[in-house]
Amino acid sequence: MAHCGSDNEHDPNARSVAEATTAILAASPPIQDRESLPLYAALDRVLAEDVLAPADVPAWPNSAMDGYALRSEDLGSARRVIGKAFAGHPFAGRVGPGECVRIMTGAVLPEGADAVLIQEQAEIHADMVTPSAPVAAKANVRFAGEDLRQGAIAFLAGTLLRPARLGVLAALGVSEVSVYRRLRVAFFSTGDELRPLGATLGSGQIYDSNRYTLHAMLSRLDCEVFDLGRVADDPAALEAALQQAAGMADMVVTTGGVSVGDADYISGLLQSLGQVNFWKINMKPGRPLAFGQLGAATFFGLPGNPVSMIVTFYQFVRPAILKRMGSQGPWLPPTLRLPLAEALRKKPGRTDFQRGRLLRSETGLQVAGVGAQSSHILSGMAHADCFIVLPAESAGAAAGEWVDVQILEGLV
């Protein structure tokens, strides 16, 4: 079934969000297989071993500004320009008393010099330069090893390789890295009402949007994704699909069929084929969620309602994927505290993940809801850039109240 769930509030048999998160992460062991990749192919992969700096970075003292390299002890006197230093073309001589070298940003600091006079503070007459302000020792100089010392740990195993981190590795001369292999994730959607794009919809039928959303979320995490399509609400077909998925993947994710309806078979099949850890979470949207083990694969049965599926993915599946792929964390979505621009309604009983949008005001950043919060309204989720997290005991929040906000940029 693609749509499932109930708006009943607190369920005493359901786990809290915190309890579910702790249990899921505890049951998500990192993979151990690794491979070597060229640096260009390593974006969003996880380091499998520490990387040590093979040399100082920078390798030599160099100028942080365009100006003149000189001896700071020659207080206030004019210096004669004896040469030039450019990035990649150092000055070969030595700077003596009363001398200086014209130097560009990034150029090696000449021997004998210990500071750089910026050109805006230089009075120039022919080949003589007089400082218009005192020049302290070490001024405008980048020193060897200031960024990284030889032998220091540049990155620990478990580091997720983002663009700036690839830049650091390149600066170290590292051309190849050892990384954990990509996590293999197989997924499919369930429901007789689902139809592929391009099909003519009959009464009660809908397009299978969840598969496209789920594929995109998994691809963002650089998983090796196996899309097994749509499976009908038939126990034999579902059992075959689950066994196929478990045989090819480290993690299996399904959408739909995890509630208590007559055609919701996923939880029951998981009990017979593997292990169910729990299947109810005290949250909204997304109360029905099956989590367990299917052979050697971690299993998530997500709700069929589109927004419920997205919310539960970001709260539980994404952290489990990050941990399983070897990342040292943080695994959970980043959270900020921001004031509400308008009041939000909520019944006490369940942790509520309301879809929100960030607003700029004269007093700073604020957050507001995106309108209707029903779990089937996917357009609201599409216009959201954050989740507003209201705790289970909350009875709503007034305008101006500070709330927890999970930023979606970088996740969605």
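I will try to describe carefully the structure that is included in this document. Quantities reported herein were computed from a predicted structural model and do not represent experimental measurements. (Residues numbered from 1 in each chain as written. Predicted model: local features only at pLDDT ≥ 70, side-chain atom pairs only at ≥ 80, totals over all residues. Heavy atoms only, no water.)

## Looking at helix 5 (residues 266-273)
Here is the rule we go by: Between buried and exposed lies partly exposed: a residue is buried under 20% and exposed over 50% of the maximum accessible area for its type, with that area taken using a 1.4 Å probe on protein chains only. Secondary structure elements are taken from DSSP: a helix is a run of H or I of four residues or more, a strand is a run of E of two residues or more, and numbering for both begins at the N terminus. This arc corresponds to the set of directions leading from the helix axis out to the C-beta atoms.
Among the residues of helix 5, Ile266, Ser267, Leu269 and Leu270 are the ones counted as buried. End-on view of helix 5: buried residues confined to an arc of 165 degrees, all on one side of the axis. Exposed residues lying more than 90 degrees from the buried face of helix 5 are Gln271 and Ser272.

## As for the side chain of Arg181
The following threshold applies: Here a polar contact is taken to be a pair of N or O atoms separated by no more than 3.5 Å, where protein atoms must pair a possible hydrogen donor with a possible acceptor and residues adjacent in sequence count only if both atoms sit in side chains. Two residues form a contact once any of their heavy atoms are found within 4.5 Å.
For Arg181, the position within the fold is in the loop between strand 12 (176-180) and strand 13 (184-190). Overall, Arg181 belongs to the buried group, its relative accessible area being 13%. Here Asp250 takes part through its side chain, which lies 2.9 Å from a polar atom of the side chain of Arg181. Contacts of Arg181, omitting those with residues within four sequence positions, involve Ile31, Asp33, Arg34, Glu35, Arg45 and Asp250.

## Some thoughts on the packing of helix 1 (residues 17-26) against helix 6 (residues 306-324)
Spelled out, the test is: Every angle, taken between N-to-C directions, lies between 0 and 180 degrees, and every axis is a line fitted to C-alpha atoms, over only the stretch in contact when it is a helix. Under this scheme an angle from 65 to 115 degrees is roughly perpendicular, one under 35 degrees roughly parallel, and one over 145 degrees roughly antiparallel; angles in between are oblique. Should the near helix be turned anticlockwise from the far one by less than a right angle, the crossing is left-handed, and should it be turned clockwise, the crossing is right-handed. By the convention adopted, Pro, Cys, Tyr, Trp, Phe, Met, Ile, Leu, Val and Ala count as nonpolar, Lys, Arg, Asp and Glu as charged, and the other residues, Gly among them, as polar.
As a packed pair, helix 1 and helix 6 sit with axes 9 Å apart at the nearest point and diverge in direction by 25 degrees. Relative to helix 6, helix 1 is oriented roughly parallel. For the pair helix 1 and helix 6, the crossing hand works out as right-handed. Residues Val17, Ala20, Thr21, Ile24 and Leu25 of helix 1 pack against Gln315, Phe316, Pro319, Ala320 and Lys323 of helix 6. For the contact of helix 1 with helix 6, the per-class residue count stands at 7 nonpolar, 2 polar and 1 charged.

## Digging into the packing of aromatic side chains
A ring pair, where both rings are aromatic, is described by two values, the distance of the centres and the angle of the planes. Rule in force here: To pair, rings of Phe, Tyr and Trp, with the six-membered ring standing in for Trp, must have centres within 6.5 Å; the planes then decide the type, stacked if under 30 degrees apart, edge-to-face if over 60, and tilted in the middle.
If you walk through the whole model with that rule in mind, you get 4 aromatic pairs. Seen from their ring centres, Phe313 and Tyr314 are 5.6 Å apart, and the 85 degrees between their planes marks the pair as edge-to-face. In terms of burial, Phe313 and Tyr314 fall into one category: buried. Relative to Phe387, the ring of Phe353 has its centre 6.4 Å away and its plane inclined at 80 degrees; by these criteria the two rings are edge-to-face. With Phe353 in strand 23 (residues 351-361) and Phe387 in strand 25 (residues 386-390), this residue pair connects regions lying 34 residues apart in the sequence. Residue class for Phe353 comes out buried when judged on its relative accessible area of 2%. On the basis of relative accessibility, which here comes to 1%, the residue Phe387 falls in the buried class. In textbook terms, an aromatic cluster arises when at least three aromatic residues are bridged by ring pairs, as seen for Phe313, Tyr314, Phe353 and Phe387.

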